[in-house]
Every structure is written in C-alpha cells, then in structure tokens.
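Here is what each chain is made of, one letter per residue.
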Amino acid sequence: MSTMSTKSTENPHFQDHLMEHHHEENFFTKYIFTMDHKMIGKQFLVTGMFMGIIGVMMSMLFRLELAYPEQSFPILEFFLGKWAPDGVMSPDMYLALVTIHGTIMVFFVLTAGLSGTFSNLLIPLQIGARDMASGFLNALSYWFFAMSSVVMVVSLFVESGPASAGWTVYPPLSALPQAMPGSGAGMTLWLVSMTLFIVGSLLGSLNYIVTVLNMRTKGMSMTRLPLTIWAFFVTAILGVLSFPVLLSAALLLMFDRLLGTSFYLSDIFMGGEVLSYSGGSPVLYQHLFWFLGHPEVYIILLPALGISSEVIATNSRKPIFGYRAMVGSILAIAFLSFIVWGHHMFITGMNPFLGSVFTFTTLLIAIPSAVKAFNYITTLWKGNIQYTPAMMFSIGLVSTFVTGGLTGVILGDSALDINVHDTYFVVAHFHIVMGLSAIFGMFAGVYHWFPKMYGRMMNKSMGYAHFWLTFITAYGVFFPMHFLGMAGLPRRYYSNTAFPMFDNLADINVLITYFAIIGGIAQLIFIFNFFYSIWRGPKAPQNPWKANSLEWTTPVEHLHGNWPGEIPMVHRWAYDYSKPGAEEDFIPQNVPLAEGEESGH
Amino acid sequence: MNTVSIIVLVVLAILTLVQVMRISEVSSEIQGGKDNEVSEKDNDTQGRLMLLVGMGFVISVVVMYVVWGRLSLPEPSSEHGSEIDGLWNLSMLIINIVFFIVQPILFYFAYKYRGKKGTKAVHFAHNNKLELFWTVVPALALAVLIIWGLNVWSTLMMPENDEEPIVIELYAQQFNWTVRYSGSDNALGFASVYDIEGANIVGVDTQDAASADDVVTKELHLPVGKPVLFQFRSQDVIHSAYFPHFRAQMNCVPGATTNFQFTPTITTAEIRQNKDVKRHVEEVNAIRTAKGEDVWDFNYVLLCNKICGAAHYNMQMDIIVETEDEYNAWLNEQKTVAETL
Ligand code: HEM
Ligand SMILES: [Cu+2]
Ligand SMILES: [Cu+2]
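A brief report on the enclosed structure follows. (Residues numbered from 1 in each chain as written. Chains lettered and ligands numbered in written order. Predicted model: local features only at pLDDT ≥ 70, side-chain atom pairs only at ≥ 80, totals over all residues. Heavy atoms only, no water.)

Residue and element names in this part refer to chain A. Summarising the metal site, the copper ion (ligand 2) is bound by the protein donors His294 (ND1), His343 (NE2) and His344 (NE2), whose distances to it range over 1.6 to 2.0 Å. Read N to C, the donor residues that coordinate the copper ion (ligand 2) are spaced as H-x48-H-H. Residue His294 is found in helix α9 (residues 282-316), and its partner His343 is found in the loop between α10 (323-336) and α11 (352-380); the two are separated by 49 residues along the sequence. (Donors = N, O, S within 2.8 Å, 3.2 Å for Na, K, Ca; no water. Helix = DSSP H or I, 4+ residues; strand = E, 2+ residues; numbered from the N terminus.)

Below, the structure written as structure tokens:
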C-alpha cells in the first residue's frame, strides 16, 4: 500500500500484494476499519444518510409547531418527552430542534455526507489512482466524523437539552448557561462534536488535495480532469483554509465557557448580577464564524455542481459547454467566497464602509454563478437527453440554483438586507440555493454512482417518483417563505401568534407544513430503493450510463487497487460525447486518439 | 402497546414492498424488458413532465405574486424607506426578468431535447462570444445595482442632518425593551451595567449631569418628521431591534453601542387610514373574531430579530408616531431620572 505513486502500475508486485490481502479480509477489516477509499466513501454516505433522517425528522416536528402553534400532538410528546408536556412543544425545544437541524444538515449531511462520500469514491477512480495518498488518514477522517456524529446525537439526550442558540451559536447566548438551558452541557457537547468534525474534515481535505495533485495517471493533465474532480479539489482547498478558523472560534468559545476568559464577552448583567467578563467582543466571534461560514456554503455547493456537470454532460450526450469557463468560475467563486463573509453582518454595527466593500464583493459572485447556470443550460441545448433519475435531479439543481441565486442579489445588497435580514426571506434563499441544490446534487450522485458503489442498479421508476415528489414539495415548502419574509416575519420564532399583524400568514404556514410532511415522507421511497437495491437490485453492467470517465473502466466487483491490471492511460478529456466522426456517441478517456483525430484537450 | 403495533406494521409494510418489487422485477424480466434501462418511452414521458411541471412551477410563482403580493409590508413610514423600496423594486424587477426567462428556457430545453432513438447530440463544446456575452450582461446589470445600492447605503448610514436628530436609547434585555429619552439637553447620561440597581434598570450613572433630565420609559413615542438617532445597548445577549415598517434594523450588542438614524414620516393615526393597512386589519380581524380573539388595531411595532432565548418570539414593543405637539406633551408628562432615582 506504500506504492502510491503514478508509477505504481509499473510495480509488478502490486498484484500479488493485493491478492495476499484479499484472503485476510474479515467483516471488520472489510466494512468497519477499512482503508479502501470506496468503502470509506460508502461509510460517509450511510452515516450522512442516517444523520439526514434525524435532521429532516426534526424539521417536520418544528414545522408542525409553526403550522399549529402551541397545539398538542401526541407525536411531539412521543419524540420529545418532557420537552413537550401534554404534547405541546416548549419554546426551548423549538430552538433546540432548529439549531440541531441546521447543524446536521449543513455539516453532517451536506459537508461530510456529500463531499466526503463522493470525494472519496471518485477522486481515485476518476484520476486513475489505486487509492488515496494515505489510506490511513482517510480512514481516520471517517472515524473522526463518526465520533463527532455520535457526540452530536448524544447531546440530544442531555438533561438540560441540546444546543439551542441557532446553528451559528453566537455568543453571549451560546456562552452563558444562564442565558438558555441549551447553553449548558448540550452546548459543550456541540463544541466537542464540531471540533472532532473539523479535525476529520481537515484530514480528509488534505488527503484529497495531495491525491489530486500527485497521483493522476499518465495523460491525466489538470485540464483533462472531469469537473467533479475540479470541484472536489477546490472544495478541499476551501476547507483547509477556512475550517481552522472555525476551530479557533470554537476553542475560544470553549475557553470563555469553561475557563472564564472574555474573548467574546463584556459588560453582561444576568440573573441579577454583573458577570465578571470584560473587554471581549461578541462581534469578533461572528467574524471568525463567517470567515468559515461563507466558504462553507460553497464547500456544500461546489461538489453538487461538480456532480451535476458530470451527470448533465453524460446524459445530454454532449460535452459540458465551456469547460474552461466552468473551471474558471469554480476558481473565481472559491476566491471570492473568502472576501464576502461580512454580508452576514451588515447590521452588527460594523463600519458602513466595510459594509460597502462586502456588498461589492458579494454581488461580484453573481457573475461566475451566472456563467455556470448558462453553461448548464447550453449543455442541454441540442442534446439527446437520457432521463435517468440522476439527470432529473441535476436539472432540478439547475432550477433551484437559479431561483435561489437570484434572491442572493437582494440579500447581498447591504441597503436591502436591512429590512429582510433574519426574516423568512433569508430562510427561503439559503434553503433553495444551498439546501435544495446540494441535496439534489447529492441525490444525483447517489443515483448515478450507485452501480459503481454497490454493483447493482437502483430502481428507475421509484427514482422518478422520488424526484417528482421531492421537486414539487421542495419548492412548495421554500418558495412561499419569500412572501412570509416580505411581510416582515422573523425567523427562529417559536410561534407567530404574539403579533396579530402576522395572523394572516397562518394559512401559508399550514400549507408549507403540508408540503414539508409529504416531502419528508417521500424520502422513504429513496431510502427503501437504496437499501432494497443494495441487496436485491439487478446486477449493474460495467458502464451503465455509457460515460467517458475512468471509474467506469474498473470492474463491477470492487477490488482493492481498483484496476486488476495496469492503471489505464488517459488520452483525452472526459467529455468526448457525440464527437463527429466517432462511431459511438461516447469515447472513454482511455481510448487513444484515432488517426487524424484532434484532441482539443 | 401502541408503539409495538406501529413497529410491527412498519416491518410488515416493508416486507410486503420488498415482495412487490421482487415480483414486478421478475415479471418484467420474463417479458424480456429491462426494467432499469432508460427507454425511449421514459425519455418521452419524463421530458414531457419536465415541461409540464416546470411550467407549472413558473405559473405557480405568478399565482403566488397575485395572491400573496398583498401580504408585503405597507408603504414605508420613514424618509429613507422609500429609497430602500425603490432599490428593492428595481432589484426585484431585474431578478424576476431573469427568472421568467431562464426557468422556462431550462424546462423547455429539457422537453425539446429529450432523447430520441437515432438522433445524435450536437457536439458543441464552447463558444467564446456566447460566454463573453453572458459574462458581460450580468456584470452590467450588477454594476447598476452595486452603484445604486452603495449610494442608498451611504445616505442611510451616514445621513446629512439639517437639524440635530433627537437622541433616544433603546435598551434590550431578555425579553423586553426599555427606552431612554435624552431630555432637553438632547444628551444621554453615561450608563453601564455596573450601575444597574433596583429601579435603575438601564444602569444610568446618576452622578453624570447629562442624565438628570433623561427619561426612562416602557413606551416608545416618536415625533413625525423629526430625525431620530437611536442608540442601542443590550445587557445580556445579542438582540436586534427590527422596525419593519420603517425599513430599519440594527443589532444590540452587549459591551458596545450601535446606532441607526431615521425620520418617521407617517403618524400612527395616518397609517391606520392607509388602504393596504386597512385591508390588512380587516383580514386579520376576520380571522381573530372567528377564533374568538380580541380585535386588533394597527400599531407600528418593534420586534426582536436576533435569537435571544426562549421568549425571543415575543420580545416586542409598540411604536407610536405622533405630531410634534402630541409628542412633547407626552414626554413632558414623563418623570425624569432626577425625579425617579
Ligand atoms: C425537509 C426539508 C426541510 C425543511 C422543511 C426545513 C425547514 C426549516 C425551517 C422552517 C427552519 C427554521 C427557520 C427559522 O426559524 O429560522 C430551518 C432552519 C434551517 N435549515 Fe432547514 N429545512 C429543510 C431542509 C434543510 C436542508 C436540506 C438544509 C441544508 C442546508 C437546511 C438547513 C437549515 C439551516 C442552516 C437552518 C438554520 C438553523 C438556524 O436558524 O440556526 N434545512 N429549516
Ligand atoms: Cu455568505
Ligand atoms: Cu430576540
């Protein structure tokens, strides 16, 4: 396993080496403490799905509260116990559910579950490597993630309740146990969990970067990489540069909580006395948090965009339109994402000049984003679209990316943000552009690479049903929220009944909750299809979608080291679909150029 | 017992589903069909559905605008508010134009180019002119929005004053608001959490000469047409003072003082006559009477808009905008710090 270089193909002992290991595998080395990137990818996926089920169930519970405020439901008492006396959810529990829902969806599902799964699965397979640069670090990265998930789930059961200060956990609210019950032991566990999570994420990202840079097979120049790999690569760089800042923010918060330091705290009167903190600034925390927080939304989004680029090109049977522009816009988005964090802080009282700078940089991001959207649509133009479930979700992604991206133009404008900041307009915006797009990208990835992961096909008809129900209910949940926001409805409100001016919004909240419940239940179709197909699905052919990239040149049966013989050499980019003069409508990357054929890449 | 039977039911349902799947797969295998390969018929059906549902979505957005457009906040009641709304309308216009062009194109292409046997896609990998075009056009539109936006932002954040604004402190704590007027000297006396004691809930330093004429109250009255400079403090966690009807908002940060200035332009009595507001009140009262709740009369409100704990959802205060005379009369009735502390 130390032969991890591009030259490993030339190592004649590699084969024997593999064989030896094959016989020693038992349940634990194969499924649990594996160092094989394909299995680690699947571990990320299944753990992410598990967390996702928790996160979505939480959203259904608090949607029930929002539609029928302060009413009694036996199901609430069943799940929440003492936090829902007589079946009525308590305000503290509402905030806890929203907080953990946000944390789980953003970090556990769409960072680890999405990027972790597909970076692991696809980086070695698509660049032509036998495994990640370090299988051990890779396994460690998963185990940190797994531990962090366990701690997060355990935190749900502590006496004083889980963290409830919002997924952004702004101090002083999150720093002082007197401020709310959730800021006690639950918050400590939240911080421990996130620390483990960050360590895992850094180990993973470093590995991805090194692997992409050093282990590409012969002929796989950077400009021949599939866009998935570009997306995972840049995502990993974003993670390495931004997660350490969140780690420092979390550690300082931990110090304030446990050691009595005052990094974020000053002049606080609580519980009838002045607390002994002085000189700190809560706004400092926000700067640190959003320095990660904004890149984080692209850490979530870029892998989904990479996946959909690949899926859309393959199933339109066309080259992705404007490959270089697509790579360029990934790089531009990544760069800009580091200098826009202040758009979350326009009304914290920061210097108005800074607000102007952040408005400027934020609106600039719309340009590369627009380029991407137009390029997707042009890729469809005059294509020969094959409607696999993965393709449907990718088209869904383009739609939500456009819808949600457009409202970003409003929120990024400091003057306009004043009146909709922290309202449901924001909830609508980020769920559509980040939540839905990324979830759709994740589904597209699962449907597309399921045959590669499990050697079987998922059921197509259930895939279609899953897509349509999800697409319709997702817009049904989140589009109406814009109108709530424009009516001035703040987010993170346990109930809107305290303000008669919001009484006429109650119907919309009921409608949204119906959509949310149907949409949540529709995910059961996917879960059933997933597990059914793992064991019972029809056997997959080697290249079910007639795709060009290298992962489809490996055998269906997984083997450690990926290719039984030599690693294939690459002669062309990944997008030679429907090339004039070619016999088939696809030419895999390992096929040498025909005589007189121009490569272009 | 209930729980057990639910679990048993779920398990049975899953087993049934598995069997149904099995049978349908076997039967389609017998018929020689490949159940999981995307057929031409699938492409046709799903492509048509794309057009149908996609256009359905676009139309539903139009319907939402028609049906729910009326729910938006009424006309702004502050001077700068109309500038914000102007910029808002322009931005909304631009993004809606893009939305209503791009989404239909997307779904139309999804339908039009659905896979058919025997057709081959067009190999079209890039086109510099086209790509330049859709880089430059958004860039131009954004340039307009950026320049206009920054203009509004700076007039709002750094207002030029012909007359001195009235200084008012808004003091936040879990879960209520307190107001401190600066009195005849228009200067707030020094205050800090270290001076909080008994009735002195906002911690005014009574030794400071400027504090003697300060007025601490639980009511927020504003004179119409006068610039008001709000200074915000919080004693515990971050709160956010949100004045939706005035298009104003600013966080209240413990350990710091933040501020926001605006000029109210419409009195409470006048806004109650606004036709949108009237319709809103009627609508709400129809709902409230049906539920047997008190009728409601419109008031401007101040809301807390930063998560601050259990009762965050109910941290509010009415705002009364009145004529200058009414305002002065009200303020004169209030007791000053010198009188109360
Ligand atoms: C079943 C689908 C979902 C529903 C019904 C749902 C609904 C909601 C609602 C109503 C809120 C509370 C808004 C508030 O009070 O501030 C919320 C918060 C949030 N959701 Fe979701 N959501 C769903 C899926 C997702 C997904 C896919 C993501 C991934 C990005 C996500 C991320 C978040 C975040 C970050 C918050 C903010 C939490 C906070 O305020 O601290 N949600 N969600
Ligand atoms: Cu951001
Ligand atoms: Cu609050």
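So much for the structure itself; the text now carries on.
Residues and elements named next belong to chain B. Strand order in the open sheet formed by five strands is β4-β10-β9-β6-β7, with mixed pairing between adjacent strands. The two strands at the open ends of the sheet, each matched to only one other strand, are β4 (220-223) and β7 (248-252). If you compare each strand with its neighbour and ignore which way they point, the axes differ by 25 degrees on average. Docked against the sheet, helix α7 (residues 324-333) engages β4 and β10 (316-322), running at close to 140 degrees with respect to β4. (Pairing = 2+ DSSP bridges. Axes fitted to C-alpha atoms, helices over the stretch in contact; angles between N-to-C directions. Contact = heavy atoms within 4.5 Å.)

In this section: helix α5 (residues 91-127) of chain A. Residue and element names in this part refer to chain A. End to end, α5 covers 50 Å across 37 residues, agreeing with the expected 54 Å (1.5 Å per residue, within 8%). The axis of α5 is deflected most strongly, by about 35 degrees, at Ile104. The element α5 is extensively covered by neighbouring structure, given that 36 of its 37 residues are classed as buried. Gly128, located one to two residues past α5, shows a positive phi value of around 80 degrees. (Expected span 1.5 Å × (residues − 1). Bend = angle between axes of the 7 residues up to and from the residue. Buried < 20%, exposed > 50% of the residue type's maximum accessible area, 1.4 Å probe, protein only.)

In this section: the nonpolar core. By size, the foremost hydrophobic cluster in this structure holds 293 residues, and its most contacted members are Phe107, Phe118 and Phe530 of chain A together with Trp177, Phe230 and Phe243 of chain B. At 22 residues, α5 of chain A tops the list of elements feeding residues into this core. In terms of domain composition, this core takes at least three residues from each of domain 1 (42-114 + 127-158) and domain 2 (166-340) of chain B. When sequence neighbours within four positions are dropped, the list of residues in contact with Phe243 of chain B reads Asn419 of chain A together with Leu170, Leu220, Phe230, Phe232, Ala248, Phe262, Val301, Leu302 and Ile319 of chain B. (Core = buried A, V, L, I, M, F, W, Y, C linked by side-chain atoms within 4.5 Å. Domains from an automatic or database assignment.)

Between chain B and chain A, the residue contacts involve 116 residues of the former and 128 residues of the latter. Contact with chain A buries surface across chain B, with Trp153, Ile307 and Tyr313 of chain B losing the most and accounting together for 8% of the total. Where chain B packs against chain A, one counts three salt bridges. A salt bridge links Asp503 of chain A to Arg288 of chain B, with the nearest nitrogen and oxygen atoms 2.7 Å apart. At the boundary of chain B and chain A, one finds 32 residue pairs in polar contact (both at pLDDT 80 or more). Counting residues per element, the side of chain B that touches chain A draws most heavily on helix α3 (residues 79-112) of chain B, which supplies 16 residues. Of the residues contributing to the side of chain B that touches chain A, the split by class is 70 nonpolar, 30 polar and 16 charged. (Buried area = accessible area lost by both parts, 1.4 Å probe. Salt bridge = Lys/Arg side-chain N within 4 Å of Asp/Glu carboxyl O. Polar contact = N/O pair within 3.5 Å; in protein donor to acceptor, adjacent residues only side chain to side chain. Nonpolar A, V, L, I, M, F, W, Y, C, P; charged D, E, K, R; others polar.)

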